[in-house]
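Residue-level structural notes
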Amino acid sequence: MNKIKNTVLFLAYALLIVLCAVTVSDIGGIWRTIPVAFALPALATFLYNRKTLTVILTFFAVFTVCSVQSENILQPLITAAVASVFACLGIYVKRLVITACVCDGKPKKVFCLTLAAIISIISVCLYFSYFGNPVSCLSYRQNNIDYIEENYPEHDLSIKNTIYDYSMRRYFTNIRFSDESPMNAQISVKNKVIIDGYHNYYEYKYMSERAQGLSLILAESFPENLSVGCNTVETDIILAPNCEKTETYSEMVFDIYLGTQIYGEEDFAVKCKDYFEAVKESEFEYKALKFYGGYAGEFYYEMTVPSDFTGDFNDAVQPFNEKHLVKREKEADYREFWDFGR
């Protein structure tokens, strides 16, 4: 009989650990914002009083569940470590409360309960700072849904869970779109700054196709090494999924990296002018071209040329500003909020 009882208690204990892991993962949604990593491991030790084992199992359970959903191993490791810390704090608070209940001295009882309350408050605040809080989650989820319903009313989609991204301080709502190839996208609206993974996918898709076409046009006239990139940061396409592909061409900005040796500003200006005129003759539609050139594997000059440029190319040459390029590459990371997983 005791064996059956112990088995049932251990299964319940294991279930609490698994429930904790699932809840703090992306699957948890709004439940992720409730301090389960602080409470459930502590509750589990009432069923099976192995504190160190509980913390270790919490770490591995959270890591396993989170790693299934992530291609990057670092984020699951961080989440598992954070959950384990909260598990330790919750178990310690539980111990303080039990000590307060069984001790006879009133000063010690008050001390234990006060310390438990302080640790609990600090722990919950820290938990909210990493996993988000329920009130903000519901509020931002509604903002995201309002944006989705306003801008994609005719698209075949289903709204999934909303999670908090600690690194970006944002609540993202996961959407499943089934218009063409089924895909998942994340959308976040905060302080009028919008990250729309569905839009980003189509914007990048259209621009990549055009960048390949631009590369072929330049390769026909210039056999030297040229690299064409999509400048998604300075491109201003509004809701690409709602646009015909051809409607987006006039808003596209492309980066052109010159792989040949550049001998001063005049040489750079001459080359940029030749490339610009070749593109113009082909009647390729775009908004602007940004040229980068230098020598010995480094850039020293840059130039921005709109499609209707009629000025002096020598006057358009600017010293290369590495900060602008680094900033653009960093902001471009914010545009990768889609995937084709299940």
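That block above? That's the structure.
Just so it is clear, the structure is predicted and the values come from calculations on it, not from any experiment.

Cut-offs and rules
Residues numbered from 1 in each chain as written. Predicted model: local features only at pLDDT ≥ 70, side-chain atom pairs only at ≥ 80, totals over all residues. Heavy atoms only, no water. Helix = DSSP H or I, 4+ residues; strand = E, 2+ residues; numbered from the N terminus. Expected span 1.5 Å × (residues − 1). Buried < 20%, exposed > 50% of the residue type's maximum accessible area, 1.4 Å probe, protein only. Contact = heavy atoms within 4.5 Å. Phe/Tyr/Trp six-rings, centres within 6.5 Å; stacked < 30°, edge-to-face > 60°. Lys NZ or Arg CZ within 6 Å of the ring centre and 35° of its normal. Pairing = 2+ DSSP bridges. Axes fitted to C-alpha atoms, helices over the stretch in contact; angles between N-to-C directions. Left-handed = near helix turned anticlockwise from the far one by under 90°. Nonpolar A, V, L, I, M, F, W, Y, C, P; charged D, E, K, R; others polar.

Regarding helix H2 (residues 36-47)
Between its first and last C-alpha, H2 extends 17 Å over 12 residues, near the 16 Å set by a 1.5 Å rise per residue. Looking at H2, one finds that the buried residues are Val36, Ala37, Phe38, Leu40, Pro41, Ala42, Ala44 and Thr45. Of the surrounding secondary structure, the elements contacted by the buried residues of H2 are helix H1 (2-24), helix H3 (51-69), helix H4 (74-102) and helix H5 (106-131).

Concerning the packing of aromatic side chains
All chains considered together, the criterion is met by 33 aromatic pairs. Plain terms: the ring middles of Phe59 and Phe63 are 6.5 Å apart, the flat faces sit at 5° to each other, and that makes the pair stacked. Here Phe59 and its partner Phe63 are both found in helix H3, four residues apart, which amounts to about one turn of the helix. Its relative accessible area of 18% is what places Phe63 among the buried residues. Grouped by ring-pair contacts, the aromatic residues Tyr147, Tyr152, Phe177, Tyr198, Tyr201, Tyr202 and Tyr206 constitute a single cluster. The ring centre of Tyr48 lies 5.3 Å from the NZ or CZ of Arg50, which sits over that ring. Lying over the aromatic face of Phe284, Arg210 brings its terminal NZ or CZ to 4.0 Å of the ring centre.

Digging into the pairing of strand S3 (residues 183-190)
Along S3, six of the eight residues are buried, which leaves the element largely enclosed by surrounding structure. Bridge analysis of strand S2 (residues 170-177) against S3 gives five bridges, and the strand direction is antiparallel. Bridge pairing in S3 links Asn174 to Gln186. Here S3 runs beside strand S10 (residues 338-339); their pairing, made up of two bridges, is antiparallel. Bridged to Ala185 within S10 is Trp338.

Describing the sheet that holds strand S5 (residues 226-230)
In a beta sheet, neighbouring strands pair by backbone hydrogen bonds and run either parallel or antiparallel. Read from one edge to the other, the open sheet built from five strands follows the order S5-S6-S7-S8-S9, with strand pairing classed as mixed. Of all strands in the sheet, those bounded by a partner on one side alone are S5 and strand S9 (318-319). On the sheet, helix H7 (residues 197-221) packs against S5, strand S6 (253-261) and strand S7 (288-295) and is oriented at approximately 160° with respect to S5. Strand contacts of helix H8 (residues 265-281): S5, S6, S7 and strand S8 (298-306), with the helix running at about 40° to S8, the strand carrying the most contacts.

Some points on the packing of H7 against H8
Between H7 and H8, the least distance of the axes is 10 Å, while the angle of their chain directions is 115°. Classified by chirality, the crossing of H8 by H7 is right-handed. Counted together, Leu214, Ile217, Leu218 and Ser221 of H7 and Tyr275, Ala278 and Val279 of H8 form the full contact between these two elements. A per-class count over the contact of H7 with H8 returns six nonpolar, one polar and no charged.

Read these as spatial facts, not as claims about activity.
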